[in-house]
Amino acid sequence: MRWIHGFLAWTVAVTLLAMAFVNTTSAEERLWLVHDGQSCAAIVFGSDNIYAAERLQRYFTDQTGAKMDLVSAEQWKASDSGLSKKRAVILIGSDKSNPVLHQLATQYDWEIDPNAITEQGYLAKRLSHDGRDWVILAGGGRDGAQYATVDLFQWNLQCEGKDVWLASLDTRQIPRCRYRWLWNWDGRMDWGGSGNRSTKMAEAHEDYAYSKSPDAYLVDGKRCIDYMADHKFNSLALWGFLRDAHGGIPASQELCRYAKHRGVRILPGVGTSGYGGYYYQGQHEFNCGTWLAMHPELRAVDKQGKPRPSICPSKKANQDWLDRGAAWLFKTFDIGGVNLEMGDFYVCYCDDCKQARAAIPSNEPDYFKDMAISHKITVSTMRRIAPDALLSYATYSGFTPKLMKTQSRPMFLSMIPEDAICQWTLSGMAAHWPAMEKPMARHNIGYVHWCNVSSNTAHHFFLTQIHDLCRKAAAAGFEGIDAYGELSADRPNVEITYLAWEAFLWNPEMTLEQFADQRLARIYGGEKAARILLEIIPLVCDKNERTKPGNLDRATQLAESARAISSKKGRTHWDRLLAYLRNPQINVNSR
């Protein structure tokens, strides 16, 4: 009910969004937070907002060298010596977590409870009260307070030299899409971990090797999570979550703790047929290969009766094994849920599976039936074990009846528990979205193969496609998108891709021009310079456009002209983009 209420409230709040991130010094005089390298404020945080407070403190230190005081709301008193000399208070938290914020919210009649703005929504204000200047970062819950904090330093604070200041701030925001996920294979992550990453699609069996150094798993994972936390991505679906090659159980436990502290859920990829089971690669009880080596009679078989390297979904022993694995997984790791895949190429043709499928009154593909036979039990078990977990499963299909070659609502949706999240593949239908069609599950999320080495799109720009897809998905009732996050944001096209997902999943009604003015202008040195990006990107969005006569030269000329009018800070981004445009490899090898 909270999210239904939130969606209604969003329609009112959206009118404020065009103003939410506009930075201007004319509306109010500067509120100095750091001046001449000296802190002018204290951060007062709620009981569950320590990460948001520490992250904001680190921002001020990174930018100016100043270390701002952190004080818990329970301990803070306005008359405390030292703190009383601070001109401003930055108040972080929720009505529940921060008693100082609770008092102000009651006094000013702010609606900041989850029923009003959802757990992820927030109120951000600059306020004069009781002889002080206040910066209010009030979330509906822990997540909302964190999102208010990162949006403050990403899009609102002004920094120059040893000074940081705030002009106007008065916004109430509720995200349109509650699920903003990234999706990664461990061996393809390229966030700075040493070694050679994989560049191919993963195999459904367990010979998809991890070719990076063992320590790269935590380096790549943590840097990706840091970026996610700074840009309001809230879950990471991670395949290859468990391998002997990168530290096994201890390394993955550490990654889970790291992510949870930053408000990011880890959703291990779990293969319920192939893909290694719970433990992707290694000699482990819940590795699929290990299990089948002990019980070869439980293998799936092809049409000719030949055994396959996957488990039969209808065998009770396999279902029990998946149940035991679920209990082990949720007990051993502090995870936020799972991302399940059955594998549409692993239909089992044993007599048991044929009989089980024949009992399902539907003309849908055999894969959907096998998936339902397996997932209906596994998802139910996981829900009992972890009532609040995000349990998602992949269909490998778009959601229209034609694409699924079945009736309007396939039977598998009635068999798999409705509180699970159905992941529909939107890559093939994004450019030709069917009018009036809506996904048929109770909870739906989209998945796309964009900006990724294995799909040969690592050098593509997807700005317009993301803008269009987010609007269509939100209108169709999708609750979010699951997109690749394997590549570092150091690449200009990748950074713009991530920023586009962040912006348009939060507010699908934002225009491309607003995105340029409110987001890209911050890093590309002003609105005029950023608007030129909207001319450049169509010229170089993929290999076909880059290789058209004159396009690359024109894009380079535009980038040079934009650099000339950019602020000093923005020139670093323009230099990076120019190096990208002048790199001949992007036109030879898209990876």
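Now for a description of the structure that goes with this document.

Next up on the list: the sheet that holds strand β20 (residues 480-484). Within the closed barrel, the 8 strands sit side by side as β11-β12-β13-β16-β17-β18-β19-β20. Their pairing is parallel. Sheet twist, expressed as the average angle between the axes of neighbouring strands with direction ignored, equals 25°. Relative to the sheet, helix α15 (residues 492-506) contacts β11 (179-185), β19 (444-448) and β20, its axis offset from that of β20 by approximately 175°.

All chains considered together, the criterion is met by 45 aromatic pairs. Taken together, a centroid distance of 5.5 Å and an interplanar angle of 45° make the contact between Tyr 367 and Phe 368 tilted. Tyr 367 sits in the buried class, given a relative accessible area of 6%. Looking at Arg 30, its charged tip hangs above the ring of Trp 165, at a distance of 3.8 Å from the centre. Over the face of the ring belonging to Tyr 349 we find Arg 357, whose NZ or CZ atom lies 5.3 Å from the ring centre.

Right, let's get into the packing of helix α2 (residues 50-64) against helix α5 (residues 142-156). Following both chains from N to C, one finds α2 and α5 inclined at 10°, their axes separated by 9 Å at the closest point. When the axes of α2 and α5 are compared, the pair comes out roughly parallel. Contacts between α2 and α5 pair Tyr 51, Ala 52, Arg 55, Leu 56 and Tyr 59 from the former with Arg 142, Gln 146, Thr 149, Leu 152 and Phe 153 from the latter.

For the rest of this paragraph, the subject is α5. Between its terminal C-alpha atoms α5 stretches 20 Å, which fits the 21 Å expected from 15 residues at 1.5 Å a residue. Of all 15 residues in α5, 13 are buried; the element is thus mostly enclosed.

By size, the foremost hydrophobic cluster in this structure holds 127 residues, and its most contacted members are Phe 241, Phe 412, Trp 424, Leu 426 and Trp 501. Tallying contributions element by element places α15 first for this core, with 9 residues. Residue contacts for Leu 426: discarding those within four places in its chain leaves Phe 399, Trp 433, Gly 446, Tyr 447, Val 448, Leu 469, Phe 478 and Ile 481. Judged by nonpolar contacts, the second largest core, of 32 residues, contains Leu 31, Ala 41, Phe 45 and Tyr 59.

When you tally the buried positions in strand β7 (residues 132-139), you get 8 out of 8 residues, the bulk of the element. Here β7 shows no split at all, with Arg 132, Trp 134, Ile 136 and Ala 138 on one side and Asp 133, Val 135, Leu 137 and Gly 139 on the other all buried. Two elements, strand β5 (residues 88-94) and β7, share 7 bridges in a ladder whose sense is parallel. Opposite Ser 94, over in β7, you have Gly 139 as the bridge partner. Bridge analysis of strand β6 (residues 122-129) against β7 gives 8 bridges, and the strand direction is antiparallel. Bridge assignment links Leu 123 to a residue of β7, and that residue is Ala 138. Turn length for the β6-β7 hairpin, with the two strands adjacent in sequence and antiparallel, is 2 residues, and the turn residue Asp 130 shows positive phi of about 55°.

Where helix α6 (residues 216-230) contacts helix α7 (residues 248-261), the axes come no closer than 10 Å and their chain directions differ by 15°. The orientation of α6 relative to α7 falls into the category roughly parallel. Remark: the crossing between α6 and α7 carries right-handed chirality. On the side of α6, the interface is formed by Tyr 217, Leu 218, Gly 221, Lys 222, Ile 225 and Asp 226, while α7 contributes Ala 251, Ser 252, Glu 254, Leu 255, Tyr 258 and Ala 259. Class assignment of the residues belonging to the contact of α6 with α7 gives a composition of 7 nonpolar, 2 polar and 3 charged.

This part covers α7. In this model α7 runs 21 Å from its N-terminal to its C-terminal C-alpha over 14 residues, within 8% of the 20 Å that 1.5 Å per residue would give. Gly 248, Ala 251, Ser 252, Leu 255, Cys 256, Tyr 258 and Ala 259 are the residues of α7 that are buried. Down the axis of α7, the buried side of the element spans an arc of 165°, and every buried residue falls inside it. Among the exposed residues of α7, those pointing more than 90 degrees away from its buried face are Pro 250 and Arg 257. At its buried positions, α7 is contacted by α6, β12 (235-239) and β13 (265-271). Gly 263 occupies a position one or two residues after α7 and carries a positive phi of about 80°.

Looking now at the side chain of Asp 151. If you trace the backbone, Asp 151 turns up in helix α5. With relative accessibility at 1%, the residue Asp 151 sits in the buried group. A polar side-chain atom of Asp 151 sits 2.6 Å from a polar atom in the side chain of Tyr 122.

Bringing the environment of Glu 513 into the picture now. Among the secondary structure elements, Glu 513 is positioned in helix α16 (residues 512-524). Judged by relative accessible area, Glu 513 falls into the partly exposed class, the value being 38%. In sequence terms Glu 513 and Ala 530 are 17 residues apart; their C-alpha atoms lie 9.1 Å from each other. Among residues more than four places away in sequence, those in contact with Glu 513 are Arg 531 and Leu 534.

Before going further, it helps to examine the sheet that holds strand β8 (residues 158-160). With respect to topology, 4 strands assemble into an open sheet ordered β2-β1-β9-β8, the strand pairing being antiparallel. Because the sheet does not close on itself, it has two edges, and the strands there are β2 (38-39) and β8. The pairing of strand β1 (residues 31-35) with β2 spans 2 bridges and is antiparallel. Paired with His 35 across the two strands is Gln 38, which belongs to β2.

How each quantity is defined
Residues numbered from 1 in each chain as written. Predicted model: local features only at pLDDT ≥ 70, side-chain atom pairs only at ≥ 80, totals over all residues. Heavy atoms only, no water. Pairing = 2+ DSSP bridges. Helix = DSSP H or I, 4+ residues; strand = E, 2+ residues; numbered from the N terminus. Axes fitted to C-alpha atoms, helices over the stretch in contact; angles between N-to-C directions. Contact = heavy atoms within 4.5 Å. Phe/Tyr/Trp six-rings, centres within 6.5 Å; stacked < 30°, edge-to-face > 60°. Buried < 20%, exposed > 50% of the residue type's maximum accessible area, 1.4 Å probe, protein only. Lys NZ or Arg CZ within 6 Å of the ring centre and 35° of its normal. Parallel < 35°, antiparallel > 145°, perpendicular 65-115°, else oblique. Expected span 1.5 Å × (residues − 1). Core = buried A, V, L, I, M, F, W, Y, C linked by side-chain atoms within 4.5 Å. Left-handed = near helix turned anticlockwise from the far one by under 90°. Nonpolar A, V, L, I, M, F, W, Y, C, P; charged D, E, K, R; others polar. Arc of directions from axis to C-beta. Polar contact = N/O pair within 3.5 Å; in protein donor to acceptor, adjacent residues only side chain to side chain.

The values are spatial; any link to function lies outside them.
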